[in-house]
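Residue-level listing of the chains:
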Amino acid sequence: HAQKVRDKFNKLSPQQSIYLETIKKDYDEATLMRQMKHSQASERFLGKFTTLYTAYKEYCETLNSIVECHELLSEPEMEEIARDDILAMDYKLQSSYSEIQDEIIDSLLPSGDDIFLEVRMAAGGVESSMFASELLGAYEAVAASRGFQWIVLEEDSRGDVGIARAIISVSGTDVLGVYQFEAGVHRVQRVPFNDTRTHTSTAVVIVTNKPENVNIDINEEDLEISYMRASGPGGQFVQRTMSKCRIVHKPTGISVTNQTSRLAQDNKKECIRKLSAILLKQ
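Parameters and conventions
- Residues numbered from 1 in each chain as written.
- Predicted model: local features only at pLDDT ≥ 70, side-chain atom pairs only at ≥ 80, totals over all residues.
- Heavy atoms only, no water.
- Pairing = 2+ DSSP bridges.
- Helix = DSSP H or I, 4+ residues; strand = E, 2+ residues; numbered from the N terminus.
- Axes fitted to C-alpha atoms, helices over the stretch in contact; angles between N-to-C directions.
- Contact = heavy atoms within 4.5 Å.
- Buried < 20%, exposed > 50% of the residue type's maximum accessible area, 1.4 Å probe, protein only.
- Patch = residues over 30% accessible without salt bridge, like charges linked within 9 Å, V, L, I, M, F, W, Y side chains within 5 Å.
- Areas by Shrake-Rupley, 256 points an atom, 1.4 Å probe, with all protein chains shown as cover.
- Salt bridge = Lys/Arg side-chain N within 4 Å of Asp/Glu carboxyl O.
- Lys, Arg positive; Asp, Glu negative; His and termini not counted.
- Charge placed at Lys NZ, Arg CZ, Asp CG, Glu CD.
- Core = buried A, V, L, I, M, F, W, Y, C linked by side-chain atoms within 4.5 Å.
- Phe/Tyr/Trp six-rings, centres within 6.5 Å; stacked < 30°, edge-to-face > 60°.

S.K.: How do you make sense of the sheet that holds strand β3 (residues 163-171) when you look at a structure like this?
M.R.: Adjacent strands of a sheet pair through backbone hydrogen bonds, lying either parallel or antiparallel. Strand order in the open sheet formed by five strands is β2-β3-β1-β5-β4, with antiparallel pairing between adjacent strands. Edge positions in the sheet fall to β2 (149-157) and β4 (184-190), since each of these pairs with one other strand and no more. Mean inter-strand twist for the sheet, computed between neighbouring axes without regard to direction, equals 20°. The pairing of β4 with strand β5 (residues 199-209) spans seven bridges and is antiparallel. The residue bridging Val188 from the neighbouring strand is Ser201, located in β5. Lying on the sheet, helix α5 (residues 126-146) is in contact with β1 (114-121), β2, β3, β4 and β5; it crosses β5 at an angle near 40°.

Spelled out as structure tokens, the structure:
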């Protein structure tokens, strides 16, 4: 009898029930792991599924209460009260179910701690280049405020005007959740400083997951490696030595540079790392 009542009021499909029970089991294990020792993986899992876990736990408790209350319908003095309670709890069950539906969708969205963020100028010429640069600056400010690692893999600048294209590697806890909805075409309408008419400019933002545990084999024979004097701040040693590295990948024509280190070999390693990330994205 209890199972029939449960089936009557249960709103979850068999597939949803299996998924939620799996999440519940993994959540309990992650909670235990966090109590035993600090684990970043457990923290990320708990952070992502806490709302879903709580909603499902409340759903199960409400469903159990309905089953228990249903048994009181056989008692004449309790029947009316039991019916009112069941009606109220069924409404609560529906509310929990709606929240579970939303959370299941969110939990199935791609998430990760490493992404490629690409910003490109589109229609609008110089104004588009400026707009793309402004978007990139805003995204970098968000990364800095959240403690994300921000690595410029490729940047095609237009001097002091803006950028044509930039590819960034961004890493940090749930970084995809922060940037994923920025993907798409962005549009701005404004009057340029040298005109009186309103111009419409667009820029394109692409956000992709960085695959894990993927190695890119790069043949050194495919690389054109050159060294030059570094430019900008860094002291006389950096500026007078041939420490800046530039690598061109001949099969694709991709070019990367690095001058963050005083040592040429360190800059070469960083260039190869950047090149690997770009090839991985393509």
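S.K.: Any chance you could explain the pairing of strand β7 (residues 244-249) here in plain terms?
M.R.: The side chains of a regular strand alternate, residue by residue, between the two faces of the sheet. Across the six residues that make up β7, a large majority, five, are buried. Note that strand β6 (residues 223-228) and β7 share six bridges and pair antiparallel. Each residue of the ladder has a partner; that of Leu223, found in β7, is His249. Two strands pair when backbone bridges link them, and β7 and strand β8 (residues 254-258) are joined in this way by five bridges, in the antiparallel orientation. Looking at β8, one finds that Val248 is bridged to Ser255.

S.K.: Teacher, can you tell me more about a negative patch on the surface here?
M.R.: Residues Glu58, Glu61, Glu99 and Asp102 make up a contiguous surface patch of negative charge. Contributing elements (two or more residues each) for the negative patch: α3 (40-70) and α4 (79-108). Secondary-structure assignment places Glu58 in helix α3. Here Glu58 falls in the partly exposed class, since its relative accessible area comes to 35%.

S.K.: How should I be thinking about the environment of Glu270 in this particular structure?
M.R.: Secondary-structure assignment places Glu270 in helix α8 (residues 264-281). Spatially, the C-alpha atoms of Glu270 and Thr257 are 8.5 Å apart, while their sequence positions differ by 13 residues. Non-local contacts of Glu270, meaning those with residues more than four positions away in its chain, are made with Ile151 and Asn258.

S.K.: So what exactly am I meant to see when it comes to the nonpolar core here?
M.R.: Nonpolar side chains tend to gather and get buried jointly when the protein is soluble and globular. Judged by nonpolar contacts, the single largest core of 26 residues is most densely connected at Phe9, Leu12, Leu20, Leu52, Tyr59 and Ile100. Among the secondary structure elements, those contributing two or more residues to this core are α1 (2-9), α2 (14-36), α3 and α4. Broken down by element, this core gets its largest block of residues, 11 residues, from α3. Among all residues touching Ile100, those that are not within four sequence positions of it are Leu12, Leu20, Leu52, Ala55, Tyr56 and Tyr59. Counting 22 residues, the second-largest nonpolar core is a separate cluster that includes Val119, Phe131, Ile163 and Ile168.

S.K.: Before we go on, may I ask you to explain the environment of Thr54 in this structure?
M.R.: Assignment of secondary structure puts Thr54 in helix α3. By relative accessible area, Thr54 is classed as partly exposed at 42%. In the structure, Thr54 is positioned 30 residues away from Lys24 in sequence and 9.4 Å away in space, judged by C-alpha atoms.

S.K.: I keep staring at the sheet that holds β6 and nothing clicks. Help me out?
M.R.: Taken in spatial order, the three strands of this open sheet run β6-β7-β8, and their pairing is antiparallel. On the outer flanks of this sheet lie β6 and β8, each paired with one strand and no other. Shown here is a sheet whose adjacent strand axes are inclined to one another by a mean of 15°, direction ignored.

S.K.: What is the right way to read the packing of aromatic side chains from this model?
M.R.: Summed over all chains, the structure comprises three aromatic pairs. Between the aromatic rings of Tyr27 and Tyr53, the centroid separation amounts to 3.9 Å while the plane-to-plane angle is 15°, which identifies the pairing as stacked. Remark: Tyr53 occurs in helix α3 and Tyr27 occurs in helix α2; sequence separation between them is 26 residues. Classification of Tyr27 as buried rests on a relative accessible area of 11%. The class for Tyr53 is buried, based on a relative accessible area of 16%. Judged by centre distance (6.3 Å) and plane angle (50°), the rings of Phe148 and Tyr179 are tilted. Of the two residues, Phe148 is situated in the loop between α5 and β2 and Tyr179 in helix α6 (residues 175-179); the sequence distance between them amounts to 31 residues.

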